[in-house]
Amino acid sequence: MTGVPASAAGGSPGAKGATGAPGASGASGAPGDAKPARGGKLGAAAVNQASLWNIANILTMIRLVLVPGFVALMLADGGYDPAMRAWAWAAFAVAMITDIFDGHLARTYNLVTDFGKIADPIADKAIMGAALICLSALGDLPWWVTFVILGRELGVTLLRFIVIRYGVIPASRGGKLKTLAQGTAVGMYILALTGALATLRFWVMAVAVILTVVTGLDYVRQAVVLRRQGIAERRAAAAEAER
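Keep in mind that what you see is a predicted model, and the values were worked out from it rather than measured.

J.: Sorry if this is basic, but what is going on with unusual backbone geometry here?
T.: Leave glycine aside and you will find that most residues have negative phi; peptide bonds, for their part, are mostly trans. The backbone of aspartate 77 shows a phi angle near 55°, a positive value even though the residue is not glycine. With respect to the helices and strands, the residue aspartate 77 is situated in the loop between helix H3 (55-75) and helix H4 (82-108).

J.: Can you help me understand the packing of aromatic side chains in this one?
T.: Two aromatic rings, taken as a pair, are described by how far apart their centres are and by the angle between their planes. Taken as a whole, this structure holds three aromatic pairs when the rule is applied. When the centroid spacing of 6.1 Å and the interplanar angle of 40° are considered together, the rings of phenylalanine 70 and phenylalanine 92 count as tilted. Taken as a pair, phenylalanine 70 in helix H3 and phenylalanine 92 in helix H4 lie far apart in primary sequence, 22 residues in all. The residues phenylalanine 70 and phenylalanine 92 share a single accessibility class, namely buried. Its guanidinium or amino end placed over the ring of tyrosine 189, arginine 201 lies 4.5 Å from that ring's centre, counting from NZ or CZ.

J.: Would you mind showing me how to read the nonpolar core here?
T.: Where a protein is soluble and globular, its nonpolar side chains tend to be buried together. By size, the foremost hydrophobic cluster in this structure holds 28 residues, and its most contacted members are Phe70, Met74, Phe92, Val186, Ile190 and Met205. Listed by contribution, the elements that provide at least two residues to this core are H3, H4, helix H5 (114-137), helix H6 (143-163), helix H7 (173-190) and helix H8 (196-242). Per-element accounting of this core gives the leading share, seven residues, to H5. Contacts of phenylalanine 70, omitting those with residues within four sequence positions, involve Ala88, Ala91, Phe92, Ile127, Ala130, Ala131 and Ile190. One finds Tyr166, Ile169, Tyr219 and Ala223 within the second-largest nonpolar core, a separate group that totals eight residues.

J.: Mind showing me how you'd approach the environment of tyrosine 166 here?
T.: As for its position among the elements, tyrosine 166 is in the loop between H6 and H7. Separated by 65 residues in the primary sequence, tyrosine 166 and isoleucine 231 place their C-alpha atoms 7.8 Å from one another. Ignoring any residue separated from it by four or fewer positions in sequence, one finds tyrosine 166 in contact with Leu226, Arg227, Gly230, Ile231 and Arg234.

J.: Looking at this structure, how should I read a nonpolar patch on the surface?
T.: Residues Trp53, Ile55, Ile58, Ile62 and Val94 make up a contiguous nonpolar surface patch of about 470 Å² in total accessible area. Sorting elements by how many residues they give to the nonpolar patch places H3 first, with three residues. Judged by its relative accessible area of 36%, isoleucine 62 falls in the partly exposed class.

J.: Explanation requested: the side chain of arginine 63 in the structure shown.
T.: Tracing the chain through its elements places arginine 63 in helix H3. One polar contact links arginine 63 to aspartate 124, side chain to side chain, over a distance of 2.4 Å. Filtering out sequence-adjacent residues up to four positions away, arginine 63 remains in contact with Ala95, Thr98, Asp99, Asp102, Asp120, Ala123 and Asp124.

J.: Whenever I open this one, the environment of arginine 228 confuses me. Can you help?
T.: Structurally, arginine 228 is set in helix H8. Along the backbone, arginine 228 and tyrosine 166 are 62 residues apart, and their C-alpha atoms lie at a distance of 8.8 Å.

J.: Would you take a moment to explain a positive patch on the surface for this structure?
T.: There is a patch of like positive charges on the surface, built from Arg165, Arg227, Arg234 and Arg235. Counting through the fold element by element, arginine 235 comes out in helix H8. Given a relative accessible area of 63%, arginine 235 falls into the exposed group.

J.: Just checking my understanding: could you explain the layout of surface pockets for this structure?
T.: Space left empty within the atom packing is revealed by a probe, the size of a water molecule, rolled over the atoms. Of the volumes computed, that of the largest pocket is approximately 1,800 Å³. Asp99, Asp120, Pro121, Asp124 and Ala171 are, among the 47 residues lining the largest pocket, the residues nearest its centre. The biggest single contributor to the lining of the largest pocket is H5, with nine residues. Tallied by class, residues from the lining of the largest pocket come to 21 nonpolar, 14 polar and 12 charged.

J.: Help me understand the side chain of threonine 98, please; the structure alone is not making it clear to me.
T.: Along the polypeptide, threonine 98 turns up in helix H4. Residue threonine 98 is classed as buried on the basis of its relative accessible area of 8%. Here alanine 95 takes part through its backbone oxygen, which lies 2.8 Å from a polar atom of the side chain of threonine 98. Apart from the residues within four sequence positions on either side, threonine 98 is in contact with Leu59 and Arg63.

Criteria and cut-off values
- Residues numbered from 1 in each chain as written.
- Predicted model: local features only at pLDDT ≥ 70, side-chain atom pairs only at ≥ 80, totals over all residues.
- Heavy atoms only, no water.
- Helix = DSSP H or I, 4+ residues; strand = E, 2+ residues; numbered from the N terminus.
- Phe/Tyr/Trp six-rings, centres within 6.5 Å; stacked < 30°, edge-to-face > 60°.
- Buried < 20%, exposed > 50% of the residue type's maximum accessible area, 1.4 Å probe, protein only.
- Lys NZ or Arg CZ within 6 Å of the ring centre and 35° of its normal.
- Core = buried A, V, L, I, M, F, W, Y, C linked by side-chain atoms within 4.5 Å.
- Contact = heavy atoms within 4.5 Å.
- Patch = residues over 30% accessible without salt bridge, like charges linked within 9 Å, V, L, I, M, F, W, Y side chains within 5 Å.
- Areas by Shrake-Rupley, 256 points an atom, 1.4 Å probe, with all protein chains shown as cover.
- Salt bridge = Lys/Arg side-chain N within 4 Å of Asp/Glu carboxyl O.
- Polar contact = N/O pair within 3.5 Å; in protein donor to acceptor, adjacent residues only side chain to side chain.
- Lys, Arg positive; Asp, Glu negative; His and termini not counted.
- Charge placed at Lys NZ, Arg CZ, Asp CG, Glu CD.
- 1 Å grid on protein atoms, 1.4 Å probe; cavity = no way out; pocket = protein on both sides within 12 Å on 5 of 7 lines; lining within 4 Å.
- Points joined across faces, edges and corners; volume = space filled by probe spheres on them.
- Nonpolar A, V, L, I, M, F, W, Y, C, P; charged D, E, K, R; others polar.

Here it is in structure tokens:
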């Protein structure tokens, strides 16, 4: 069933037939059956390893690969070549689109893996962090905006790890709206916009910063409530066990 050759499973086909013959010495618990079991484990391990190469994880890896390419395009020719900035925007847009689809595909088709759980948030923050740092280094975006956005993202991630023993803080609608606003605002700053569009991107970024702060505070509130509930439940369980 695992697709492992008979020799790898621990014996020739004839030996396997002898084991399964009626009246053969050594029941299913005989030591001779240990080798096929090892082969089965090897086959299962191969299947599990292959499952890492699903479409959701491939999209995540594409985002990770895009990060250095995006930075190179942003900083090419001093960072002020409109054509290079347009290509950088295209790379950023692809990264944002794959961010939407990889999580959806993983949940819909049961493609969630340990690799994806770790790599997906890293890829998200890597591309956004690279864009913000490049924009601030080029003088297009104030450094305090970069610090607020990245500080919030890292803080919420740390918060999730701190309270994970009590439960998981779910993604909120405000958080999704924040991500959309950030992606739109940063994308507009990456492009060499002028005139009314340059003014518009300022206000879009202002909305993104406000949503970043508000949703960050809401995550702190949720973490505090979740921790209190978890502690109360543990104390109640301990008191019940002592009775």
